[in-house]
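Residue strings, one per chain:
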Amino acid sequence: MEPMTQLTLSLFEFALTGPTMSHSTSLLILGVLLFSVTSIAHDHSPEQNAFKLEKCQESLKESTWLDKYGPQIDQSFSGPLSFSHLPYTRCLENEETKFDIAILGMPFDTAVTYRPGARFGPYAIRSGSRRQREARGYTLSWAKDPFAQGVKIIDCGDVPVNPFDNALAIDQMEVAYSTLLRRALATPERAKGAMPNPHPRIISLGGDHTIVLPILRALNKVHGPISVIHFDAHLDTWRSYPGAVTNQSRVTHGTFFAVAQEEGLISDTSIHAGIRCKLEGEEDLENDESVGFQLISGDDIDDLGIPEIIRLIRKRIGDSPVYLSLDIDVIDPGLAPATGTPEAGGWTTRELKRILRGLAGLNLVGADIVEVAPAYDNAEITGIAAADLVHDFLMMFLSDHPPTKRKAREDPRDEL
């Protein structure tokens with residue numbers, strides 16, 4: 001029997017009786033069959049047919065990517081951009097999407113008093129999270145992996161805020177947050193953590209700090225007035241800035257807490273931490289107290305220490321529903337320079353992370369990280385720090401208590 005005829009018959013037999021084939025393999029065999037029939041029809045010499053048979057057999061031996069290397073995985077530096085390579089869904093339009101914790105970008109920065117650019121904050125934080133992923137989320141500090149707790153965590157994309165009309169943008173953010181807050185939990189039996197209220201929790205990526213006003217308006221519909229833990233270099237409780245002649249012009253990233261208090265959105269059991277900005281005088285502190293805040297200054301970390309700061313915050317909040325808002329400028333600008341209103345003398349990233357761990361187990365109803373403006377960054381250090389803090393937020397949501405102190409490794413010199 002001619003070699004090409006033999007190959008053709010063998011291929012027909014393999015196609016009919018062989019194992020299940022991939023789409024690419026099926027196409028390859030079809031191509032060889034067509035080639036074989038064509039060769040036979042043209043009555044090539046035996047030498048020519050033998051040569052073509054050898055080439056066809058070599059082609060059959062070639063592996064596809066999937067056969068040879070497996071799935072097309074994303075490296076830490078590749079693939080579509082989502083927070084920690086989480087599943088990305090446009091949750092605002094995909095109304096059937098369920099989740100327990102959502103990452104939501106709010107690229108709004110048109111209410112700042114100094115440097116703009118925080119509209120690029122959600123992008124910078126996601127970019128800073130690229131080395132974090134579901135397959136490698138365990139940390140020594142928490143002794144847990146937030147992605148291995150049996151809850152559904154997804155990236156819901158960004159709210160498409162209008163960059164020309166602040167009143168419209170603020171309403172868009174409120175509607176977006178309310179929409180997601182009303183979703184049913186994906187795994188209600190696993191997602192509760194320390195929070196007794198059966199609603200999804202959202203980590204918002206700012207954006208300037210004004211985004212907290214529409215968030216508090218949305219949360220108020222579910223929880224009523226809530227406490228706030230506010231990490232920041234600035235008070236953000238001023239009543240207005242000079243030149244504010246309309247109601248909308250009062251709403252800025254430095255006044256939103258005052259507006260929230262006037263609207264009855266926050267309780268009088270809130271607390272600042274890390275404050276170190278310049279003030280007009282004691283009257284600013286008196287106004288701040290009237291808005292419902294106690295104050296822990298940036299210097300208190302030296303005078304009181306981290307454990308006492310944790311104790312004071314926990315005592316102030318108690319069991320009440322609490323929202324955590326973190327302005328990246330609470331960190332010293334030497335460690336997180338990419339922000340709109342930097343203040344010297346801030347806390348270190350490590351100090352802040354230790355305080356956050358000490359607050360696990362509170363009745364957290366949501367959190368944000370704001371004022372990341374990557375145009376002022378260097379080597380992504382601010383975006384990377386912000387992304388790592390979001391990882392801490394996830395663990396705070398999923399923990400009933402602070403992590404226990406890790407046992408120190410024995411000094412290897414003791415073995416000598």
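Residues numbered from 1 in each chain as written. Predicted model: local features only at pLDDT ≥ 70, side-chain atom pairs only at ≥ 80, totals over all residues. Heavy atoms only, no water.

Some points on the nonpolar core
Among soluble globular proteins, nonpolar side chains are generally buried collectively. Core analysis: the largest hydrophobic core is formed by 51 residues, its most contacted members being Phe231, Ile313, Leu326, Ile355 and Ile369. With nine residues, helix α13 (residues 381–397) is the largest single contributor of residues to this core. Setting aside its immediate chain neighbours within four residues, leucine 326 contacts Phe231, Leu352, Leu356, Asp368, Ile369, Val370, Leu389 and Phe393. One finds Met106, Ile170, Ile202 and Ala260 within the second-largest nonpolar core, a separate group that totals 40 residues. (Core = buried A, V, L, I, M, F, W, Y, C linked by side-chain atoms within 4.5 Å. Buried < 20%, exposed > 50% of the residue type's maximum accessible area, 1.4 Å probe, protein only. Helix = DSSP H or I, 4+ residues; strand = E, 2+ residues; numbered from the N terminus. Contact = heavy atoms within 4.5 Å.)

Digging into the pairing of strand β7 (residues 322–327)
Within β7, six of the six residues are buried, which leaves the element mostly enclosed by the surrounding structure. Of the two faces of β7, the one carrying Val322, Leu324 and Leu326 and the one carrying Tyr323, Ser325 and Asp327 are both buried. Inspection of the sheet shows strand β4 (residues 227–231) paired to β7 by five bridges, in the parallel sense. Across the sheet, residue isoleucine 229 finds its bridge partner in β7, namely leucine 324. Handedness of the β-α-β unit built from β7, helix α12 (residues 349–358) and strand β8 (residues 364–370) comes out right-handed. (Pairing = 2+ DSSP bridges. Right-handed = clockwise from strand over helix to strand, strands pointing away.)

Topic: the packing of aromatic side chains
Enumeration over the complete set of coordinates arrives at three aromatic pairs. Ring centres of tryptophan 65 and tyrosine 69 lie 4.6 Å apart, and the angle between their planes is 45°; on these two criteria the pair is classed as tilted. Here tryptophan 65 and its partner tyrosine 69 are both found in helix α4 (residues 65–69), four residues apart, which amounts to about one turn of the helix. For the pair phenylalanine 256 and phenylalanine 257, a centre-to-centre distance of 4.3 Å together with 40° between the ring planes defines the contact as tilted. Its relative accessible area of 0% is what places phenylalanine 256 among the buried residues. Phenylalanine 257 sits in the buried class, given a relative accessible area of 0%. Seen from the ring of tyrosine 376, arginine 115 lies directly overhead, with NZ or CZ sitting 4.0 Å from the centre. (Phe/Tyr/Trp six-rings, centres within 6.5 Å; stacked < 30°, edge-to-face > 60°. Lys NZ or Arg CZ within 6 Å of the ring centre and 35° of its normal.)

Some remarks on helix α6 (residues 166–181)
The end-to-end C-alpha distance of α6 is 22 Å, a good match for the 22 Å that 16 residues give at a rise of 1.5 Å each. Of all the residues in α6, the buried ones are Asn166, Ala169, Ile170, Met173, Glu174, Ala176, Tyr177, Ser178, Thr179, Leu180 and Leu181. By the N-cap criterion, in which a side-chain oxygen at the helix start approaches the backbone nitrogen of a residue two or three places on, α6 is capped by aspartate 165, the distance to alanine 167 being 3.1 Å. (Expected span 1.5 Å × (residues − 1). Polar contact = N/O pair within 3.5 Å; in protein donor to acceptor, adjacent residues only side chain to side chain.)

Quick notes on a negative patch on the surface
On the surface, Glu280, Glu282, Glu283, Glu286 and Glu289 cluster together into a patch of negative charge. Of note, glutamate 280 is situated in the loop between β5 (270–275) and α9 (282–291). On the basis of relative accessibility, which here comes to 68%, the residue glutamate 280 falls in the exposed class. (Patch = residues over 30% accessible without salt bridge, like charges linked within 9 Å, V, L, I, M, F, W, Y side chains within 5 Å. Areas by Shrake-Rupley, 256 points an atom, 1.4 Å probe, with all protein chains shown as cover. Salt bridge = Lys/Arg side-chain N within 4 Å of Asp/Glu carboxyl O. Lys, Arg positive; Asp, Glu negative; His and termini not counted. Charge placed at Lys NZ, Arg CZ, Asp CG, Glu CD.)

As for the layout of surface pockets
For the largest pocket, the calculated volume is near 520 Å³. Lining the largest pocket are 21 residues, with Arg131, Gln132, Arg133, Arg136 and Asp388 positioned closest to its centre. Contributing elements (two or more residues each) for the lining of the largest pocket: α5 (121–128), α12 and α13. At four residues, the largest contribution of residues to the lining of the largest pocket is made by α13. For the lining of the largest pocket, the residue count by class is four nonpolar, eight polar and nine charged. (1 Å grid on protein atoms, 1.4 Å probe; cavity = no way out; pocket = protein on both sides within 12 Å on 5 of 7 lines; lining within 4 Å. Points joined across faces, edges and corners; volume = space filled by probe spheres on them. Nonpolar A, V, L, I, M, F, W, Y, C, P; charged D, E, K, R; others polar.)

Considerations on the state of the cysteines
Throughout the structure, instances matching the rule amount to one disulfide. Shown here is the disulfide that connects cysteine 91 with cysteine 156, its sulfur atoms set 2.1 Å apart. Because the sign of the S-S torsion sets the handedness, a value of about -75° for the bond joining cysteine 91 and cysteine 156 places this disulfide among the left-handed ones. Of this pair, cysteine 91 sits in the loop between α4 and β1 (101–106) while cysteine 156 sits in strand β2 (residues 153–158), and the two are 65 residues apart along the sequence. Overall, cysteine 91 belongs to the buried group, its relative accessible area being 0%. (Disulfide = S-S within 2.5 Å.)

Examining the environment of asparagine 94
By the secondary structure assignment, asparagine 94 is in the loop between α4 and β1. Accessibility expressed as a relative area gives 32% for asparagine 94, which makes it partly exposed. C-alpha separation for the pair asparagine 94 and cysteine 156, spaced 62 residues apart in sequence, amounts to 9.7 Å. Ignoring anything within four residues of it in the chain, the contact list for asparagine 94 reads Thr89 and Arg183.

Considering unusual backbone geometry
Residue glycine 207 is reached from glycine 206 by a cis peptide bond, and omega for that bond is 15°. For glycine 207, the position within the fold is in the loop between β3 (201–206) and α7 (212–223). You will see that aspartate 236, though not glycine, has its phi angle at about 60°, which is positive. Tracing the chain through its elements places aspartate 236 in the loop between β4 and α8 (256–262). Residue aspartate 236 is classed as buried on the basis of its relative accessible area of 4%.

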